[in-house]
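Here are the chains, one letter per residue:
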Amino acid sequence: MSEYILQLDSADATLARVGGKGANLAELARAGFAVPPGFLVTTEAYHAFVAANGLAEQIVALARKVAGDNPVALDHASEQIRALFAQGDMPAALAEPIVAAYRQLSSNAPNLPVAVRSSATAEDLPGLSFAGQQDTYLNIVGDDALLDAVRRCWGSLWTARALGYRARNGIAPDDVALAVVVQELISSEVSGVLFTANPLSGRRNEIVIDASYGLGEAIVSGQVEPDHYVVDPASWQITGRKLGAKALAIVPRAGGGTDQVARAAGEQALPDAQIRDLARTAARVAAHFGSPQDIEWAWANGRMLLLQSRPITSLYPLPEAALAAKSPRVYFSFNSVQGVVDPFTPLGLDLLQLLAGGFPQFLRADMPLRQAITTAGGRIFIDVTAITGPWMAALQRLDPGARIEPKYTITLTVPADRTEYISAIRLGRARYTALADRTLRFYREYFQPDHVIEIEKQRQRWRIMFRGEDFAINIDTLVGHQQPGPFLEIKSRTWSRRDADAKAALIGELLRLFGVDEGALVKQEYVEL
């Protein structure tokens, strides 16, 4: 195959050869995700067109003389550069392989409608996103229309918006090129965009989906108010749902181009089963790329297809410990207090962390120094979860809506090694209960010192920190059980079934310290709150 054309799943589809969008689509195809069939017009074709028409010096001169904050000058430069592409001749050495690849793609359906998408070498990067800055042409039919669309895509590398964005981010005009993605047009019944992390709140535990009827251009261009769904990736439950007006849909026109048609509002665009399936697919895509993703998708003829995937660049980075935590953690910004708005250098971060060697004990944190005093985005954050727990509990008593309510409570009931005791471990809504002094004696008798991180008396309440988790403790009478009598109760928060399982494992460790045989479990139940 020509150097100007690559198959969509080609291992040679690198960022330099096919741009960000093309490279990501090729990666999706190689990984086995469902993407529409197509081919890639490489950046070599762009350079060949520019060289054949003698455009390089003119483009660079026009691009370099405008400032990124001057919209009038940017518009003028963009018009001049794009006119150069429109007036340029398509060499036969470029046209022939492009047309041959198109005819091979449409061998089973002559004049197959295709989508022609721009893919710049400086777009869809981990740190920069050029989403929407270059052009896309939908429902392109025929050889001549395809060649014209490819030429217009090349010219769209120099839109005013793209010129300004590159100028502001220090990307030289002679460092960029543009590839073109040509794929079979999916006449979608429903389409939209998806984020594997909430770009507004920054929550990594929410998958948000926008969906509307017809082609996705209506959502991307902001012409329609879509449905909005929120999915919890821990349980795959739909936790949020807002139906948009969806007053119009963009649909393919016979012979090429698109039309807008009116739609009746009120119905949900995507069924619940497809919402969950899409969320699961998106989670696999994010895991494959190793970062939260912004995904365009289409639903057609009973199949879900991915149209593109790129990193979400608007998310502020989080400490690694926070990403791995099974329950919410509270961090204090050292930079904000010190008035340091710029990031520290790596050497500065290491030095400050070493100077703060005693902070974990002050914070009552059972964790390594680099977790207690951690970094994200070149800034220093201090984990204050342990010392803010009592404040949050007090705030919750004053205002029940002050924190997120746990979703699950788990109850494990087991006999203690004394016949007069039954240990009931309840995970769920944390409430601190008044304890008699015998509670502390009970704990001291059964816990070895190296296992007790903290046992603290707060007025008439006791709390224990065990392996970095906070538990309230109580001894009470188990009512309604076949063996009524005193029992040990340990309580803690949990926000999901997964969190409940993790804390149940911790409780198992506590039971072993009590000398309780795990086989003596009387009852275990999960109750969704």
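The paragraphs below set out a description of the structure included in this document. (Residues numbered from 1 in each chain as written. Predicted model: local features only at pLDDT ≥ 70, side-chain atom pairs only at ≥ 80, totals over all residues. Heavy atoms only, no water.)

Focus on the overall build of the protein
We count it as follows: Under the DSSP-based scheme used, a helix requires at least four consecutive residues in state H or I and a strand at least two consecutive residues in state E, with every element numbered from the N terminus. Any two residues having at least one pair of non-hydrogen atoms within 4.5 Å are treated as being in contact. Only the protein chains shown count as cover for residues, and the accessible areas themselves come from Shrake-Rupley with a 1.4 Å probe.
For the protein, the count of helices and strands is 17 helices and 23 strands. For the protein, the proportion of contacts with a sequence separation of at least 24, taken over those separated by at least 6, is 65%. Surface accessibility of the protein: about 24,800 Å² in total, with carbon and sulfur atoms responsible for 52%.

Considerations on the pairing of strand β4 (residues 136-140)
Under the convention used in this document: A 1.4 Å probe rolled over the protein chains alone gives each residue an accessible area, and that area as a share of the maximum for its type sets the label: buried under 20%, exposed over 50%, partly exposed in between. By the convention used here, strands pair only if DSSP detects at least 2 bridges between them.
In terms of burial, β4 is largely enclosed, as 4 of its 5 residues are buried. Pairing analysis gives 3 bridges linking strand β3 (residues 114-120) to β4, with the strands arranged antiparallel. Within β4, the residue paired with R117 across the bridge is T136.

Some words on the sheet that holds strand β9 (residues 237-242)
Just so we agree on the cut-off: In this analysis an axis means a line fitted to C-alpha atoms, helices contributing only their contacting stretch, and an angle means the value between N-to-C directions, from 0 to 180 degrees.
The 6 strands lie next to each other as β9-β8-β7-β6-β12-β13, forming an open sheet whose pairing is antiparallel. The two strands at the open ends of the sheet, each matched to only one other strand, are β9 and β13 (303-311). Taking the axes of each pair of neighbouring strands and ignoring which way they run, one obtains an average angle of 20 degrees across the sheet. Pairing between strand β7 (residues 207-213) and strand β8 (residues 227-232): 5 bridges, direction antiparallel. Bridging across to β8, I209 finds its partner in Y229. Sitting on the sheet, helix α9 (residues 272-289) touches β6 (190-195), β7, β8, β9, β12 (293-300) and β13, and the angle it makes with β12 is about 140 degrees.

Observations concerning the pattern of salt bridges
Condition: Should a side-chain nitrogen of Lys or Arg be within 4 Å of a carboxyl oxygen of Asp or Glu, the pair is scored as a salt bridge.
Going through the model one piece at a time under the given rule, you end up with 12 salt bridges. When the shortest N-O distance is used, the salt bridge between R103 and D143 registers 2.4 Å. Of the two residues, R103 sits in helix α5 (residues 92-105) while D143 sits in helix α6 (residues 143-155), which places them 40 residues apart along the sequence. Assessed through its relative accessible area of 51%, R103 is described here as exposed. For D143, a relative accessible area of 18% corresponds to the buried category. Here K246 makes a salt bridge to D227, at a shortest N to O gap of 2.5 Å.

Describing α9
To keep things clear, this is the line we draw: What a helix should span is 1.5 Å times the count of its residues minus one.
Compared with an ideal rise of 1.5 Å per residue, which puts 18 residues at 26 Å, α9 spans 26 Å between its outermost C-alpha atoms and is within 8% of the ideal. Every buried residue belonging to α9 is among Q274, I275, L278, A279, T281, A282, V285 and A286, and all of these are buried. After α9 finishes, the residue G290 shows a positive phi value of roughly 80 degrees.

Some remarks on the side chain of S212
Tracing the backbone through its elements, the reader meets S212 in strand β7. The class of S212 is buried, set by a relative accessible area of 1%. S212 has contacts with E189, V190, S191, I219, V224, P226, K246, L248 and A269, leaving out every residue within four places of it along the chain.

Re the sheet that holds strand β16 (residues 379-383)
Taken in spatial order, the 3 strands of this open sheet run β14-β16-β15, and their pairing is antiparallel. The two strands at the open ends of the sheet, each matched to only one other strand, are β14 (331-333) and β15 (373-376). Averaged over all pairs of adjacent strands, the angle between their axes in this sheet comes to 40 degrees, without regard to strand direction. Inspection of the sheet shows β15 paired to β16 by 4 bridges, in the antiparallel sense. In the sheet register, T375 faces β16, and the bridge partner there is I380. The strands touched by helix α12 (residues 346-355) are β15 and β16; relative to β15, the strand with the most contacts, the crossing angle is about 160 degrees.

Description of the environment of T388
Inspection of the secondary structure puts T388 in helix α15 (residues 385-398). Separated by 58 residues in the primary sequence, T388 and V330 place their C-alpha atoms 7.6 Å from one another.

With respect to the nonpolar core
As a reminder, the rule being used: Here, nonpolar core means buried Ala, Val, Leu, Ile, Met, Phe, Trp, Tyr and Cys residues that are tied together by side-chain atoms lying within 4.5 Å of each other.
One finds Y46, V116, L146, W154 and W158 to be the most contacted residues of the largest nonpolar core, which totals 48 residues. Non-local contacts of Y46, meaning those with residues more than four positions away in its chain, are made with I59, F85, W154, L157, W158, V176, A177 and L178. By size, the runner-up hydrophobic cluster in this structure holds 36 residues, among which are L40, A282, I295 and L306.

Some words on the packing of aromatic side chains
Selection criterion: Stacked, tilted and edge-to-face are the three classes assigned to paired rings of Phe, Tyr and Trp, where Trp is represented by its six-membered ring and a pair needs centres within 6.5 Å; plane angles under 30 degrees give stacked, over 60 edge-to-face, the rest tilted.
All chains considered together, the criterion is met by 4 aromatic pairs. Seen in terms of ring centroids, Y46 and F85 are 5.9 Å apart; in terms of plane orientation they differ by 25 degrees. Their pairing is stacked. Taken together, the residues Y46 in helix α2 (residues 43-52) and F85 in helix α4 (residues 71-87) connect sequence positions 39 residues apart. Note on Y46: relative accessible area 4%, which makes it buried.

Structural notes on the pairing of strand β5 (residues 178-184)
Along β5, 6 of the 7 residues are buried, which leaves the element largely enclosed by surrounding structure. As judged from the 4 bridges shared by strand β2 (residues 38-41) and β5, these two strands associate in the antiparallel manner. What sits directly across from F39, in β5, is V182. Direction of pairing for β3 relative to β5: antiparallel, over a ladder of 7 bridges. Of the residues in β5, the one forming a bridge with S118 is V180.

Just distances and angles here, no functional claims.
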